[in-house]
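As a plain string of letters, each chain reads:
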Amino acid sequence: MIVFKNKHVTVFQSSIVQTNSTVIETEDMILVVDPAWLPSEVEMLRVEVEKLIREADRPVYLLFTHSDFDHVLGYGAFPKAKTIASIGVKEHSAKEEIVKKIKAFDDEIYVKRQYEIEFPQINHVIVEDGQKLTLGATVLTFYRAPGHTADGIFTVIDSLGIFIGGDYLSDQEFPFIENRKDYERTLVKAAGIVENHPITLYIPGHGQPTDDTREIIRRQQNDLQYIRKLTELFSVGNKKNELEEHINQYEFIEGIRQEHDKNMEVVKKEIVQDTSQNLWNEDLEDRK
Ligand SMILES: [Zn+2]
């Protein structure tokens, strides 16, 4: 289903967890972001790209926002494309596990794909904040975006006003946190991007794209609040009801509630570790 379209951008949304796959075209290139989920949906993207190439032959690039299996499973459908992702994706330590997850998903719903399932090989590697990639006259600027996964990136295309976020700032999901401090810093970075780049469209990994910068910042604030409440649960205590209220704003809460439980475990572990580290340091101080 197409959930957003303008002259340069088409956002296709999967019927599974509202995953967005984006096709961007300029005179110089075609960029496909996170081609996702069902074989018929990936095929639709492939056909769209073929159509664009017929209209005007241009190189095709495939961008992965991060390494979660649903975001890389369409890799094999675009064998001629040059790929773009972070160094973390390129050097992922558990590529086989991710391929296994894709295969397990396909087996569970009995689907076959027209292409081989492989972990992506990466041609253009993103290492640092502000790194640029020039494709003809189109300049892509990247930022590291850890927190959901360590290997996430933000992509900005100034000339088109586009900000591609991966699994951040969704209207359908509270933060799914792998590292709390990184996640917070990445959210702060997102607001900086909105401030410093001429952003007119934000495309999340899941949920509705938005062309309203106030809505991007609303999501950013909302997600920061969630993380702060989560943190206070283990430091000050007593925020359980507020947290419950917070997560109940999401339409599909029963589907994502287990992610909230996982978040609580992650944050709890981080805070306990922090305090034990502090104690250890104080011990050392005492002994001096
Ligand atoms: Zn995702």
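Since this is a predicted model, take the numbers as computed values, not measurements. (Residues numbered from 1 in each chain as written. Predicted model: local features only at pLDDT ≥ 70, side-chain atom pairs only at ≥ 80, totals over all residues.)

Colleague: Can you lay out the nonpolar core for me, pointing to particular residues and giving the numbers?
Modeller: Membership of the largest hydrophobic core comes to 60 residues, with the highest contact counts inside it found for Val 32, Leu 62, Phe 154, Ile 162 and Phe 163. Filtering out sequence-adjacent residues up to four positions away, Leu 62 remains in contact with Val 32, Tyr 75, Phe 78, Ala 81, Thr 83 and Ile 84. (Core = buried A, V, L, I, M, F, W, Y, C linked by C-beta atoms within 7 Å. Buried ≥ 20, exposed ≤ 12 C-beta atoms within 10 Å, placed from the backbone. Contact = placed C-beta atoms within 7 Å.)

Colleague: Give a description of the environment of Thr 138 that names residues and reports values.
Modeller: Mapped onto the elements of the fold, Thr 138 is located in strand 9 (residues 138-144). Classification of Thr 138 by C-beta neighbours within 10 Å gives buried; the count is 20. Residues Thr 138 and Lys 80, 58 residues apart in the sequence, show an inter-C-alpha distance of 20 Å. Those residues in contact with Thr 138 that lie beyond four places of it in its chain are Thr 26, Asp 28, Met 29, Ile 157 and Ser 159. (Helix = DSSP H or I, 4+ residues; strand = E, 2+ residues; numbered from the N terminus.)

Colleague: Tell me about helix 5 (residues 180-196), and name the residues and values.
Modeller: Every α-helix winds through 3.6 residues per turn, so residues three or four apart in the chain are directed the same way. The first and last C-alpha atoms of helix 5 sit 24 Å apart over 17 residues, in line with the 24 Å expected at 1.5 Å per residue. Turning to helix 5, its buried residues are Tyr 183, Thr 186, Leu 187 and Ala 190. Seen from one end, helix 5 has its buried residues packed into an arc of 105°, which puts them on one side. Turned more than 90 degrees away from the buried face of helix 5 sit Val 188, Gly 192, Glu 195 and Asn 196, all of them exposed. On its buried face, helix 5 sits against strand 10 (153-157), strand 11 (162-166) and helix 6 (213-235). (Expected span 1.5 Å × (residues − 1). Arc of directions from axis to C-beta.)

Colleague: Pulling in residues and values, what's your account of helix 4 (residues 95-108)?
Modeller: In a regular helix each residue adds 1.5 Å, so 14 residues correspond to 20 Å; helix 4 covers 20 Å between its end C-alpha atoms and thus fits that length. At the exit of helix 4 stands Tyr 110, carrying a positive phi of roughly 55°.

Colleague: Requested: an account of the sheet that holds strand 1 (residues 2-5), with residues and values cited.
Modeller: Across the sheet, which stays open at both edges, the seven strands sit in the order 1-2-3-4-5-6-7 with mixed pairing between neighbours. The sheet is open, and its two borders are formed by strand 1 and strand 7 (124-126), each paired with just one other strand. For this sheet the average axis-to-axis angle between neighbouring strands, irrespective of direction, equals 15°. Taken together, the four bridges between strand 4 (residues 30-33) and strand 5 (residues 60-63) define a ladder with parallel strand orientation. When the sheet's bridge partners are listed, Val 33 is paired in strand 5 with Leu 63. The sheet strands contacting helix 1 (residues 39-55) are strand 2 (9-13), strand 3 (20-25), strand 4 and strand 5, and the helix crosses strand 3 at an angle near 0°. (Pairing = 2+ DSSP bridges. Axes fitted to C-alpha atoms, helices over the stretch in contact; angles between N-to-C directions.)

Colleague: Which residues make up the packing of helix 5 against helix 6, and what values do they have?
Modeller: Between helix 5 and helix 6, whose axes approach to 10 Å, the crossing angle comes to 160°. With respect to helix 6, the axis of helix 5 lies roughly antiparallel. Where helix 5 crosses over helix 6, the two elements pack in a sense that is left-handed. Along its contact with helix 5, which presents Arg 180, Tyr 183, Glu 184, Leu 187, Ala 190, Ala 191 and Val 194, the element helix 6 presents Thr 213, Ile 216, Ile 217, Gln 220, Asp 223, Leu 224, Ile 227 and Thr 231. Looking at the contact of helix 5 with helix 6 residue by residue, the classes come out as nine nonpolar, three polar and three charged. (Parallel < 35°, antiparallel > 145°, perpendicular 65-115°, else oblique. Left-handed = near helix turned anticlockwise from the far one by under 90°. Nonpolar A, V, L, I, M, F, W, Y, C, P; charged D, E, K, R; others polar.)

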